[in-house]
Amino acid sequence: MSKIEDVKSLVESGRTKLVAATVQEALDEGNTADNILHAMIDAMRVVGDKFSTGEIFVPEMLVSAKAMSKGVEVLKPHLAGEGTSSLGTCVIGTVQGDLHDIGKNLVAMMLESNGFTIIDLGIDVSPQKFVDSIKENKDVRLVALSGLLTTTMPTMKETVKMLKESGLNGFKVIVGGAPVTEELAAEIGADGFAPDAGSAAVMARKLVA
Ligand code: B12
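Residues numbered from 1 in each chain as written. Predicted model: local features only at pLDDT ≥ 70, side-chain atom pairs only at ≥ 80, totals over all residues. Heavy atoms only, no water.

Student: Help me understand the pairing of strand β1 (residues 88-94), please; the structure alone is not making it clear to me.
Tutor: Looking down a regular strand, the side chains alternate between one sheet face and the other. With respect to burial, β1 is a largely interior element, seven of its seven residues being buried. For β1 and strand β2 (residues 116-120), the ladder comprises five bridges, and the chain directions are parallel. Looking at the pairing, Val91 lines up with Ile119 of β2. Handedness of the β-α-β unit built from β1, helix α5 (residues 102-113) and β2 comes out right-handed. (Buried < 20%, exposed > 50% of the residue type's maximum accessible area, 1.4 Å probe, protein only. Helix = DSSP H or I, 4+ residues; strand = E, 2+ residues; numbered from the N terminus. Pairing = 2+ DSSP bridges. Right-handed = clockwise from strand over helix to strand, strands pointing away.)

Here it is, written out as structure tokens:
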């Protein structure tokens, strides 16, 4: 079994302590950071499917998430490009009621490496907190909202509405997360959408150009 397959199976089974070293071994074996990341994302998809079928429960999902985060830490310097010019500040967070942050953290990492200064508000962020953050920080050019639950899509909509009606300007809103589609993004009034962290950086650059 190649090291990349080991990484996938360690994330799937939530073997937190072994993931970092195995990711490093996979890199040493010549695998690209991108391929290793995709193996881990694939593992999380399997974990989600197992949760759906009742094969595993929340604690198992949580340890897999922790395992993936350990792996991402090792990949970070290999994934991040060189942010040459400064594109301004991006406020990012997972919307209220939602605790998922792996995807949001990957997006933050890619935006940072593309030249944005990141203010990460974390998880379970209320619409008001996003608005306050724009007031408190200068040069906010982008607000990025993440949501993984279908039940938090209305909160995402409410957050976009509040941002747009805040009277503040000079920033664009980008949204994403597994249940978010281009259609939904347009429907809730966001300026942009991207399906993954790599394309989020491309879209973000376009939005602030
Ligand atoms: C890990 C996990 C958890 C962990 C989260 C830990 C953490 N620190 O994040 C824990 C255990 C806490 C958890 C809890 C729950 N979870 Co959960 N979870 C997952 C799981 C397995 C993986 C998510 C993940 O990290 N994926 C990997 C990352 C890299 O992918 P991603 O998040 O999609 O991000 C990418 C893109 O979406 C995009 N993106 C993400 N954000 C943004 C933002 C912007 C601006 C842009 C442009 C792009 C973008 O780019 C990212 C990188 O490429 C998913 C299954 C799945 N297939 O997604 C279920 C899943 C999301 N969870 C689910 C559920 C039901 C729950 C719970 C309700 C379970 C429960 N009964 O308690 C709770 C809800 C808690 C809450 N209030 O949020 C369901 C959601 C179903 C639905 N349709 O709403 C899923 C789909 C599992 C399933 N198949 O049923 N979960």
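Student: I'm lost on the pattern of salt bridges in this one. Help?
Tutor: It is possible for side chains of opposite charge to pair when their charged atoms get near one another. Per the counting criterion, the structure on display carries 10 salt bridges. Asp120 serves as the salt-bridge partner of Lys104, at 3.0 Å between the closest nitrogen and oxygen. A residue pair is termed long-range when its members are at least 10 positions apart, and Lys104 in helix α5 and Asp120 in strand β2 qualify at 16 residues. Residue Glu165 is joined to Lys161 by a salt bridge in which the shortest nitrogen-to-oxygen separation is 3.7 Å. Among the ionic contacts, a cluster of salt bridges with common partners joins Lys8, Glu12, Asp42, Arg45, Asp49 and Lys50. (Salt bridge = Lys/Arg side-chain N within 4 Å of Asp/Glu carboxyl O.)

Student: How should I be thinking about the site of the ligand in this particular structure?
Tutor: Around the ligand there are 36 residues in total, and Ser52, Leu99, His100, Asp101 and Ser146 lie nearest to it. One nitrogen or oxygen atom from the side chain of Ser146 is found 2.7 Å from a nitrogen atom belonging to the ligand. With respect to the ligand, the backbone of Thr150 contributes an N or O atom lying 2.9 Å from an oxygen atom. Counting residues per element, the ones that place at least two in the shell around the ligand are α3 (33-52), α4 (58-79), α5, β3 (140-146), β4 (172-176) and α9 (197-208). Take the shell around the ligand: its biggest share by element is seven residues, from α3. Looking at the shell around the ligand, its residues break down into 23 nonpolar, nine polar and four charged. When residues of the shell around the ligand are sorted by domain, at least three fall in each of domain 1 (3-79) and domain 2 (88-208). (Near = heavy atom within 4 Å. Polar contact = N/O pair within 3.5 Å; in protein donor to acceptor, adjacent residues only side chain to side chain. Nonpolar A, V, L, I, M, F, W, Y, C, P; charged D, E, K, R; others polar. Domains from an automatic or database assignment.)

Student: Would you take a moment to explain the packing of helix α1 (residues 3-12) against α3 for this structure?
Tutor: The axes of two packed helices give the description: the angle between them and the distance between them. Interhelical geometry of α1 versus α3 gives an angle of 35 degrees and a closest axis separation of 8 Å. Crossing angle aside, the handedness with which α1 passes α3 is right-handed. Where α1 abuts α3, its residues Ile4, Val7, Lys8, Val11 and Glu12 lie against Asn35, Ile36, Ala39, Met40, Asp42, Ala43, Met44, Val46, Val47 and Lys50. A class-by-class count of the residues in the contact of α1 with α3 yields 10 nonpolar, one polar and four charged. (Axes fitted to C-alpha atoms, helices over the stretch in contact; angles between N-to-C directions. Left-handed = near helix turned anticlockwise from the far one by under 90°. Contact = heavy atoms within 4.5 Å.)

Student: Looking at this model, I keep getting lost on the domain arrangement of the chain. Mind explaining?
Tutor: How large an interface is tends to be reported as the accessible area lost when its parts come together. Per the domain assignment, the segments making up the chain are domain 1 (3-79) and domain 2 (88-208). Centre-to-centre separation of domain 1 and domain 2, based on C-alpha positions: 25 Å. Of the residues lining the interface, nine residues belong to domain 1; the matching set on domain 2 comes to four residues. At the boundary of domain 1 with domain 2, the tally comes to zero salt bridges. Contributions of two or more residues to the side of domain 1 that touches domain 2 are made by α3 and α4. Ranked by residue count, the leading element in the side of domain 1 that touches domain 2 is α4, at six residues.

Student: Sorry if this is basic, but what is going on with the nonpolar core here?
Tutor: Side chains of a nonpolar character, in soluble globular proteins, are inclined to be buried together. Formed by 42 residues in total, the largest nonpolar core has its most connected members in Leu75 and Leu142. Looking at this core, the elements with two or more residues in it are α1, α2 (16-28), α3, α4, β1, α5, β3 and α9. When neighbours within four sequence positions are excluded, Leu75 is seen to be in contact with Val23, Leu27, Ala33, Ile36, Leu37 and Met40. Counting residues in each nonpolar core, the second largest holds 23 residues, with Val95, Val140, Leu145 and Leu163 among its members. (Core = buried A, V, L, I, M, F, W, Y, C linked by side-chain atoms within 4.5 Å.)

Student: For this particular structure, what's the right way to read α5?
Tutor: Owing to its 3.6 residues per turn, the α-helix brings residues three or four apart onto one side. The end-to-end C-alpha separation of α5 is 17 Å, in line with the 16 Å expected for 12 residues at 1.5 Å each. Here α5 lies mainly inside the structure; nine of its 12 residues are buried. Listing the buried residues of α5 in full gives Ile102, Lys104, Leu106, Val107, Ala108, Met109, Met110, Leu111 and Ser113. Those residues of α5 that are buried are in contact with α3, α4, β1, β2, β3 and α9. (Expected span 1.5 Å × (residues − 1).)

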